[in-house]
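Fold and contact review
Chain by chain, the residues run as shown.
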Amino acid sequence: MIAGIKQDSSNQSLSPNESEVIKEVTIAVTFSEKLLAAAISAHASDIHFLPSADETEISFRIRGERSLFSRIPVRHYKKILGYYKFTSGMDIGEVRKPQNGTIPFKTENGSTYSLRLSTLPVKHSESLAVRILPQTDTPPLERLLLFPWQLTKLYRLVSARSGIILLTGPTGSGKTTTLYALLQSLLDKLSPQVITLEDPIEKELCKAIQVQVNEKAGLTFQTGLKAALRHDPDIVMIGEIRDKGTAQIAVQAALTGHLVLSTLHAKNAYGTIKRLIDMEISETDLHQVLLGVCALQLLPTRLPGSDIKRTAVLELLENALLVKAINGNNPYRSSAFPTFARLRRKAYAYGYADQTIFNTGF
């Protein structure tokens, strides 16, 4: 059930207009909860609303693939959109600017989710995207990565006292889930002082200090980092490096002797280096602070005794190959670099997947 709407149970008489408003809200709430239940049942990670002049298409993203779920009249969509904007804290009257918001959601069986909403003005209305973020226990990192030797390398990287480790990939590649699983594993095993700076906080971490960035209130990534560093952190997690300013903040934290973990959107591991340089991070700073780049790709797998349908493999750029990549040498020309193509062939050879694995990615 979505929090935020409380019906009036008093016996006060209502005007026809008030009764109609309550009826419309009730319809929107009922439709929303049924839609979310269907999306969760289908293991969808996102719901997309695409309005046109006459109707609105509703699509689910399931295991990385987008598929049409339903179509509804535009007049119904407007009511649902208004309800979502209201309950997520957006400005209902603002239709010319993109907005973001979050809503807690709880299913009938008690599972909890955080819904991250984003609107975007379009010709006829506003499009709406809903990211569904489970708030139950994060799967152990061992269940998320396909190859144990990559898990060993990842743990070795995060044993460093300072520097930056980036988990990268396109939307839906498992960056955030893997990052949370990694942090929770470290918290459970070593109990470090972990402080996160997130916008928004996507999942609760046990034993971590999680800071919600709120630029309207003056709590930016910059001010949040300054405050976080005074709390003597062992690890600083920045939810996502989105722009030059956030990238520079991450570098500053690493240069002051802290271990920084973050995510970044990039096509592959080598593309991450180019993106950082485009964000005006110098090669000198990259040599000083960048410990490793872990580009993720989710592969359809069939592992005995596991209910997980997709498992991550890593293009792990580190050590000498990382140094060369920063200097402009393409690591894909090296036979020692574990490219996604080589990892897919290995997964197929080990019997972890069938031939459909070769239709995934690049």
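About the cut-offs
- Residues numbered from 1 in each chain as written.
- Predicted model: local features only at pLDDT ≥ 70, side-chain atom pairs only at ≥ 80, totals over all residues.
- Heavy atoms only, no water.
- Helix = DSSP H or I, 4+ residues; strand = E, 2+ residues; numbered from the N terminus.
- Buried < 20%, exposed > 50% of the residue type's maximum accessible area, 1.4 Å probe, protein only.
- Contact = heavy atoms within 4.5 Å.
- Areas by Shrake-Rupley, 256 points an atom, 1.4 Å probe, with all protein chains shown as cover.
- Lys, Arg positive; Asp, Glu negative; His and termini not counted.
- Charge placed at Lys NZ, Arg CZ, Asp CG, Glu CD.
- Core = buried A, V, L, I, M, F, W, Y, C linked by side-chain atoms within 4.5 Å.
- Polar contact = N/O pair within 3.5 Å; in protein donor to acceptor, adjacent residues only side chain to side chain.
- Pairing = 2+ DSSP bridges.
- Axes fitted to C-alpha atoms, helices over the stretch in contact; angles between N-to-C directions.
- Phe/Tyr/Trp six-rings, centres within 6.5 Å; stacked < 30°, edge-to-face > 60°.
- pLDDT = per-residue confidence, 0-100.

For the rest of this paragraph, the subject is the overall build of the protein. Across its full length, the protein holds 11 helices and 13 strands. Across its three principal directions, the C-alpha atoms of the protein cover 75 × 50 × 40 Å. Considering the protein as a whole, with its 362 residues, one finds that 45% of them fall into the buried category. Put simply, of all contacts in the protein between residues at least 6 apart along the chain, 57% involve residues at least 24 apart. Counting every atom, the protein has about 18,700 Å² of accessible surface; 51% of that belongs to carbon and sulfur. Charge-centre separation for the protein: the mean point of 42 positive side chains lies 6 Å from the mean point of 34 negative side chains.

Another aspect to go through is the nonpolar core. Membership of the largest hydrophobic core comes to 44 residues, with the highest contact counts inside it found for Ile 164, Ile 273, Leu 290 and Leu 317. The dominant element in this core, judged by the number of residues it contributes, is helix H7 (residues 244–255), at 6 residues. Excluding its chain neighbours within four sequence positions, the residues that come into contact with Leu 317 are Ala 269, Tyr 270, Ile 273, Leu 291, Gly 292, Val 293, Leu 322, Ala 325, Pro 331 and Phe 337. Of all hydrophobic cores here, the second largest spans 29 residues; its members include Leu 144, Ala 181, Leu 187 and Ala 208.

To continue, consider the side chain of His 48. With respect to the helices, strands and loops of the structure, His 48 is situated in strand S1 (residues 44–51). The class for His 48 is buried, based on a relative accessible area of 16%. Side-chain polar atoms of His 48 contact the side chain of Arg 66, separated by 2.8 Å. What His 48 contacts, discounting residues up to four positions off in sequence, is Glu 57, Ile 58, Ser 59, Arg 61, Arg 66, Leu 128 and Ala 129.

Strand order across the open sheet formed by 6 strands is S3-S2-S1-S6-S5-S4, with antiparallel pairing between neighbours. Single-partner strands in this sheet number two, and they are strand S3 (65–73) and strand S4 (99–106). Along the sheet, successive strands turn relative to each other by an average axial angle of 20 degrees, direction set aside. Of the pairings in the sheet, the one linking strand S2 (residues 55–62) to S3 comprises 8 bridges and is antiparallel in character. The residue bridging Phe 60 from the neighbouring strand is Ser 67, located in S3. Packing of helix H2 (residues 74–87) onto the sheet brings it into contact with S1, S2, S3, S4, strand S5 (112–121) and strand S6 (126–134), and relative to S3 it is tilted by some 110 degrees.

Time to look at helix H8 (residues 269–278). Ala 269, Tyr 270, Gly 271, Thr 272, Ile 273 and Leu 276 are the residues of H8 that are buried. Looking at the buried positions of H8, the neighbouring elements they touch are strand S7 (163–168), strand S11 (259–264), helix H9 (283–289), strand S12 (290–300), strand S13 (310–318) and helix H10 (319–326). Two to three positions downstream of the cap, the backbone nitrogen of Tyr 270 sits 3.4 Å from a side-chain oxygen, assigning the N-cap of H8 to Asn 268. Of the residues one or two after H8, Glu 280 is the one with positive phi, at around 70 degrees.

With the rule as written, the count across this model stands at 9 aromatic pairs. Measuring from ring centre to ring centre gives 5.8 Å for Tyr 83 and Tyr 84, while their planes differ by 40 degrees; the resulting arrangement is tilted. On the accessibility criterion, Tyr 83 (6% relative accessible area) is buried. Three or more aromatic residues joined by ring pairs form one cluster here, namely Phe 49, Tyr 77, Tyr 83 and Tyr 84.

The pLDDT averaged across the protein works out to 89; a share of 92% of its residues lies at or above 70. Confidence drops under a pLDDT of 50 for residues 4–11, and excluding neighbours within four residues, the segment shows 7 contacts in the predicted structure.

It is worth spelling out the pairing of S12 at this point. In terms of residue burial, S12 counts as a mostly covered element, since 9 of its 11 residues are buried. Alignment of S7 against S12, held across 5 bridges, turns out to be parallel. Bridge assignment links Leu 167 to a residue of S12, and that residue is Cys 294. Note that S12 and S13 share 9 bridges and pair antiparallel. Across the sheet, the residue bridging to Leu 296 is Leu 314, located in S13.

Residue placement: Ser 59 occurs in strand S2. Once the C-alpha coordinates of Ser 59 and Phe 49 are considered, the two residues, 10 residues apart in sequence, prove to be 6.7 Å apart. Among residues more than four places away in sequence, those in contact with Ser 59 are Asp 46, Ile 47, His 48, Arg 66, Ser 67, Leu 68 and Phe 69.

Before going further, it helps to spend a moment on the sheet that holds S13. Whenever strands of a sheet pair, they do so through backbone hydrogen bonds, lying parallel or antiparallel. Read across the open sheet, the 7 strands follow the order S9-S8-S10-S11-S7-S12-S13; overall the sheet is mixed. The open sheet has two edge strands, strand S9 (209–212) and S13, and neither has a second partner. On average, adjacent strands in this sheet sit at an angle of 20 degrees to one another, irrespective of strand direction. Relative to S11, S7 runs parallel, the two being bridged by 6 bridges. Across the sheet, the residue bridging to Ile 165 is Leu 261, located in S11. Strands S7, S12 and S13 of the sheet are contacted by helix H4 (residues 148–157), whose axis makes an angle of about 50 degrees with S13. With respect to the sheet, H7 is in contact with S7, strand S10 (235–238) and S11, its orientation differing from that of S7 by roughly 140 degrees.

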